[in-house]
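Per-entry structural report
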Amino acid sequence: MKLGIVGLPNVGKSTLFNSLTKAGAESANYPFCTIDPNVGVVAVPDERLKLLADLYHSAKVTPAVIEFVDIAGLVKGASKGEGLGNQFLANIREVDAIVHVVRCFEDSNVIHVDGSVDPVRDIETINLELIFSDLEILERRISKTAKGAKNDKTQAKELELLNKIKEHLESEKLAITFQTEDEEEQEWLASYNLLTYKPVIFAANVAEDDLADDGASNRCVQEVREFARENRSEVFVVCAQIEEEISELEEEEKAMFLEDLGLKESGLEKLIKASYSLLGLLSYLTAGETETRAWTITKGMKAPQAAGKIHSDFERGFIRAEVVNYQNLLDCGSLAAAKEKGLVGLEGKDYVVQDGDVILFRFNV
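Residue positions are counted from 1 within each chain, in the order its sequence is given. Under the rules for a predicted model, residues below a pLDDT of 70 receive no local features and side-chain atom pairs below 80 are neither given nor counted, while totals for whole chains, interfaces and linings still include all residues. To get the side-chain values, take all heavy atoms of the structure and skip hydrogens and water.

Here we come to the overall build of the protein chain. Counting from the N terminus, the helices are the DSSP runs of H or I reaching at least four residues and the strands are the DSSP runs of E reaching at least two. Counting secondary structure elements, the protein chain contains 14 helices and 12 strands. Counting over 365 residues, the protein chain shows a buried share of 50%. Where accessible areas are quoted, they stem from the Shrake-Rupley method and a 1.4 Å probe; at the residue level, only the protein chains shown are allowed to cover. Surface exposure of the protein chain reaches about 18100 Å², of which carbon and sulfur atoms provide 47%. Burial status follows relative accessibility: with a 1.4 Å probe on protein chains alone, a residue under 20% of its type maximum counts as buried, one over 50% as exposed, and anything between as partly exposed.

What follows is the structure, encoded as structure tokens:
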């Protein structure tokens, strides 16, 4: 999974990236300090892995990972080359989802590029740049499709769709809110790789005092949540400065620090939950003496396709899957004991993999 972190300059974007990845991207109180997109790979925290690894005395533990791309602060006019321009919009095209950091804190020492804190205005500023960039993509596609539409019904249908999407964007609406019941049109829309069709998670960056109640008393956070509801997006509340402090701590210290703040989880854990939810992802597990590992798949995926995540041969030669829920396995103390209690299922090609399944695939190539 690849997530692109965007936001206006000085909203806490690079500070959040640093804390999530400990990659040390430069953060300073002026626009464009992130000259090149910084990339960091982060392990997905999953306590199930350690418990299973202890049970199997695994030599190696491999978590699922998320790749973060920190993209320089966008400004008004970015789609026309203002600031650092289109080169950074191109970097966003490669990600699965966008993490949009929005400033929801007042601090006279941190300059706001527009002079005041107004999260919805800031969101709309960036959305407008993404829309302008998408319109350029659509116009090129329309020009190309129009040539063949006169003699081809399929291209004529696609041209009609392209013009509808263009009209939708021109009314300052995001592509993700464009609705069609036609499956072929849905496939076309997804294939255009429009920036405004990508799922968005808003990171509402608040002051420390607003963390305990998850931003409930912060007017700006409420505005972001309302905007997100209308645009099929997720929101999580975070304090980038606190996350930066947490990132320097050892695991035990981290737990105590969070407890002192009245928090159950870190910003990274909130973000991972939001991204898994938004993208419809889950993790199944494999365990043994050699390795215990988490594999990320989409919800609804069947056993052979899930097996293919490990190796294409597993999918091609799939015979069956031995499946046990990880908690049942832990409670029983061994796979043999779980089998004795009838808790291990022998599943075929139509089995839909569930979150927390521990699976042993049988295959023959």
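Still more ground to cover, so stick around.
Contact geometry for helix H1 (residues 13–21) and helix H8 (residues 240–247): axes closest at 8 Å, N-to-C directions at 25°. Classified by the interaxial angle, the pair formed by H1 and H8 is roughly parallel. The way H1 lies across H8 gives a crossing that is left-handed. Facing H1, whose interface residues are Thr15, Leu16, Asn18 and Ser19, H8 presents Ala240, Gln241, Glu243, Glu244 and Ser247. Polarity classes work like this: nonpolar for Ala, Val, Leu, Ile, Met, Phe, Trp, Tyr, Cys and Pro, charged for Asp, Glu, Lys and Arg, and polar for all others, with Gly in that last group. Of the residues contributing to the contact of H1 with H8, the split by class is 2 nonpolar, 5 polar and 2 charged. Axis definition: a line fitted to C-alpha atoms, over the contacting stretch in the case of helices. Angles run 0 to 180 degrees between N-to-C directions. Note on angle classes: values under 35 degrees are labelled roughly parallel, values over 145 roughly antiparallel, values of 65 to 115 roughly perpendicular, and the remainder oblique. Each helix crossing is assigned a hand: it is left-handed if the near helix lies turned anticlockwise from the far helix by less than a right angle, otherwise right-handed if that turn is clockwise. Whether two residues touch is decided by their heavy atoms; if any such pair falls within 4.5 Å, the residues are in contact.

Non-glycine residue Asn193 carries a positive phi angle of around 55°. The phi dihedral of Asp214 falls on the positive side, at around 55°, and the residue is not glycine. Among the structural elements, Asp214 can be located in the loop between strand S6 (200–205) and helix H7 (219–230). Classification of Asp214 by relative accessible area gives partly exposed; the value is 33%.

On to the packing of H8 against helix H9 (residues 251–260), then. Here H8 crosses H9 at 150°, and the two axes come no closer than 9 Å. Looking at the two axes, H8 sits roughly antiparallel to H9. Contacts from Ile242, Glu245 and Ile246 in H8 reach Lys254, Phe257 and Leu258 in H9. In the contact of H8 with H9, the residues fall into 4 nonpolar, no polar and 2 charged.

We now examine the environment of Val200. Secondary-structure assignment places Val200 in strand S6. Looking at Val200, the relative accessible area reads 14%, which means it is buried. Distance from Val200 to Glu234, taken between C-alpha atoms, is 6.7 Å for residues 34 residues apart in sequence. For Val200, the residues in contact, after removing those within four places along its chain, are Ile98, His100, Ser233, Glu234 and Leu278.

Only Phe, Tyr and Trp rings are paired, with Trp represented by its six-membered ring, and only when their centres lie within 6.5 Å; those with planes under 30 degrees apart are stacked, over 60 edge-to-face, the remainder tilted. Tallied over the full model, the rule gives 4 aromatic pairs. Ring geometry for Tyr284 and Phe361: centres 5.9 Å apart, planes at 85°, overall edge-to-face. Residue Tyr284 is found in strand S8 (residues 281–286), and its partner Phe361 is found in strand S12 (residues 357–363); the two are separated by 77 residues along the sequence. Its relative accessible area of 0% is what places Tyr284 among the buried residues.

Two elements, strand S10 (residues 318–325) and S12, share 7 bridges in a ladder whose sense is antiparallel. Looking at S12, one finds that Glu322 is bridged to Leu360. DSSP bridges decide pairing: two strands pair if at least two such bridges lie between them. Relative to strand S11 (residues 345–347), S10 is paired through 3 bridges, and the arrangement is antiparallel. The partner of Val323 across the bridge, within S11, is Gly345.

Here we take up the pairing of strand S5 (residues 97–103). The buried fraction of S5 amounts to 7 of the 7 residues, a majority that puts the element mostly inside the structure. Every second residue of S5 is oriented toward a common face, with Ala97, Val99, Val101 and Arg103 on one face and Ile98, His100 and Val102 on the other, all of them buried. Relative to S6, S5 runs parallel, the two sharing 6 bridges. Within S6, the position partnered with Ile98 by the bridge is Val200.

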